[in-house]
Amino acid sequence: MQHNLARARAGARGAKVWAVVKANAYGHGLERAMRGFAEADGLALVEVDYAVRLRELGWSKPILLLEGFFDASDLPVMAQYDLNGSVHCEEQIAMLAAAQLSHPIDVHLKMNTGMNRLGFTPAAVAGAYARLRAMPHIGMITVMTHFANADEAGPTRLPLAQQMLRFEAGVASIGAAGEGTRLPRSLCNSAGVLMHHLDSDWVRPGIMLYGGTPSGAPGGTSAQTFGLLPTMTLRSSIIGIQDIAAGEVVGYGSRYQAAGNVKVGVVACGYADGYPRHAPEGTPVLVDGVRTGLIGRVSMDMLMVDLTHVPGAKVGSSVTLWGQGMPIDEVALAAGTIGYELMCALAPRVPVNEA
C-alpha cells in the first residue's frame, strides 16, 4: 500500500492525494488502509459510518465523502467529525440551507461533465456555487468531476478531453459570476493519475493503490508495467485429488468432461469466499508456483484445477488464486469482470494474515 501510494504521488504532479478507501478499503479493511495510507493527504470514501470510524481510529487529516450526504441527519455528524462532503444535487443544497451546524464544513461541488451519474451541469454549476458560497456554515469549496474513460487509449464516445472542456467552461462560469480567486479543483481517478497529466489540486486514486490497474481491457497496460504491487493475495491449498479417465466429468452440472486422463485437484475456496462462481474453465491458477487452470464449476466451498501438468502436486500443495505471482486483473479478465469486484467480494470468513 505504501509503495502504490508513493507511485500515485509521483503521478500526481504536486497535487494532494485522497486515498480512496470506500467499500471497506476495497475489501482490505479500514484499519489496514489507514496504516498503509498514513502518508496520504486525506482519505475518501462513501460511507458516513466508516468515516466516523476512521476518526475514532485516530485519523486526523481530511476525510471526504465522495457521494456527500444522503439525509439531513448526516450533516451534524459531518460537522462534528470534520468531514468534507460532495454536493451534487439541488436537494443537498436545500438540506444545507436548512441546517444548523456547530462548525463549518468544506464541500466538493461536483460537476457532471458527461458521465451523467452525479453532479451539476456546467450551465448550472455557477448557480449552485453561488448558493453554497452564501451559506455561513460552508467553508472551502472545491470543484470536482469524474472521468468516464480515462483508462481508454483509443477513441471513445466521451473523450477525456471533451469532459475537460466542459469542466473548464463550468469553472469559467463561476469566475464570471464574481468568484475572483482560482477555485481548487479535484480531478483524476487512478486512470487519470497513471495515464494523463492534468492541472489539479487533488487527485483521487483508488484501484491503483491496491495493485490493480484501471485498464482492464484485453491488451491494456498491466499493473506491473505501471510499477504497482499487489496488496491482496488470495491463497489456499489442495485438499483432495482425483484421477479420472477420458469421458468422466467434474463438478456440478458436469460442465467439464475429460478428453483424456486428468489429475484433478480440489482447492478449499469457493464463491462463499468471494471467488467468482462464473469463472470459466481455464481461469488461471498457480499450484506450487506452476500455472494451471480451473476446471468444472466453482462450488460454494471448493473449486477444481487441472494438476495433470503440475509435477509433485499433492494434498497440501499451495494454491494462489490471485495476487503475488498471479495478477488479479488477469483472473478478473478471464472471469469477465474487473479486479475491483474480486477485491470487494472477499468474504468475512476468509482468514487474513498481514505481511
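Right above here is the structure, for reference.
Thresholds applied
Residues numbered from 1 in each chain as written. Predicted model: local features only at pLDDT ≥ 70, side-chain atom pairs only at ≥ 80, totals over all residues. Heavy atoms only, no water. Helix = DSSP H or I, 4+ residues; strand = E, 2+ residues; numbered from the N terminus. Areas by Shrake-Rupley, 256 points an atom, 1.4 Å probe, with all protein chains shown as cover. Lys, Arg positive; Asp, Glu negative; His and termini not counted. Charge placed at Lys NZ, Arg CZ, Asp CG, Glu CD. Contact = heavy atoms within 4.5 Å. Salt bridge = Lys/Arg side-chain N within 4 Å of Asp/Glu carboxyl O. Buried < 20%, exposed > 50% of the residue type's maximum accessible area, 1.4 Å probe, protein only. Axes fitted to C-alpha atoms, helices over the stretch in contact; angles between N-to-C directions. Parallel < 35°, antiparallel > 145°, perpendicular 65-115°, else oblique. Left-handed = near helix turned anticlockwise from the far one by under 90°. Nonpolar A, V, L, I, M, F, W, Y, C, P; charged D, E, K, R; others polar. Arc of directions from axis to C-beta. Core = buried A, V, L, I, M, F, W, Y, C linked by side-chain atoms within 4.5 Å.

Asker: Describe in detail the overall build of the protein chain, supporting the description with residues and values.
Answerer: Tallying secondary structure elements over the protein chain gives 11 helices and 16 strands in all. Oriented by its inertia axes, the alpha-carbon framework of the protein chain measures out at about 80 × 45 × 35 Å. Surface exposure of the protein chain reaches about 15,800 Å², of which carbon and sulfur atoms provide 53%. Looking at charge distribution, the protein chain has the averaged site of its 27 positive side-chain charges lying 3 Å from that of its 30 negative ones.

Asker: Quick rundown of the side chain of T213? Include the residues and the values.
Answerer: Residue placement: T213 occurs in the loop between β8 (202-203) and β9 (234-244). In this structure, T213 is in contact with I207, T221, S222, A223, F226 and D329, ignoring residues within four places of it in sequence.

Asker: So, the pattern of salt bridges: which residues are in play, and what are the values?
Answerer: One pass over the structure, following the stated rule, counts 12 salt bridges. A salt bridge links R35 to E354; the shortest N-O distance between them is 2.7 Å. Residue R35 is located in helix α3 (residues 30-36), and its partner E354 is located in the segment after α11 (339-344); the two are separated by 319 residues in the primary sequence. With a shortest N-O distance of 2.5 Å, E330 and R291 are connected by a salt bridge. Of this pair, E330 sits in helix α10 (residues 328-334) while R291 sits in strand β14 (residues 290-295), placing them 39 residues apart in sequence. A relative accessible area of 46% places R291 in the partly exposed class.

Asker: Requested: an account of the packing of helix α6 (residues 90-98) against helix α7 (residues 125-133), with residues and values cited.
Answerer: α7 packs onto α6 with a crossing angle of 15° between their chain directions and a minimal axis gap of 10 Å. Between α6 and α7, the angle falls in the class roughly parallel. For the pair α6 and α7, the crossing hand works out as left-handed. In this structure, α6 contributes E90, I93 and L96 to the contact, and α7 contributes A128, R131 and L132. Here the residues of the contact of α6 with α7 are counted per class, giving four nonpolar, no polar and two charged.

Asker: With reference to specific residues and values, describe helix α1 (residues 2-11).
Answerer: Along an α-helix, a turn takes 3.6 residues, which lines up residues three or four apart on a common side. By the burial criterion, the buried members of α1 are N4, L5, A8 and G11. Projected down its long axis, α1 carries its buried residues within an arc of 120°, all on one side. Along α1, the residues that are exposed and aim more than 90 degrees away from the buried face are Q2 and A10. Lining the buried residues of α1 we find β1 (16-20), α3 and α9 (190-195). R13, located one to two residues past α1, shows a positive phi value of around 55°.

Asker: Requested: an account of the nonpolar core, with residues and values cited.
Answerer: One finds V21, F37 and Y275 to be the most contacted residues of the largest nonpolar core, which totals 104 residues. Residue contacts for F37: discarding those within four places in its chain leaves M1, L5, A19, V21, L43, W59, L209 and Y210. Counting residues in hydrophobic clusters, the runner-up holds nine residues, among them I244, V250, A258 and V266.

Asker: Lay out unusual backbone geometry in plain terms, naming residues and giving numbers.
Answerer: In this model, N116 sits at a positive phi of 60°, which is unusual for a non-glycine residue. On the secondary structure map, N116 appears in the loop between β5 (105-110) and α7. What makes N116 exposed here is its relative accessible area of 60%. At C188, a position not held by glycine, the phi torsion is positive, near 75°. By secondary structure assignment, the location of C188 is in the loop between β7 (185-186) and α9. Assessed through its relative accessible area of 3%, C188 is described here as buried.

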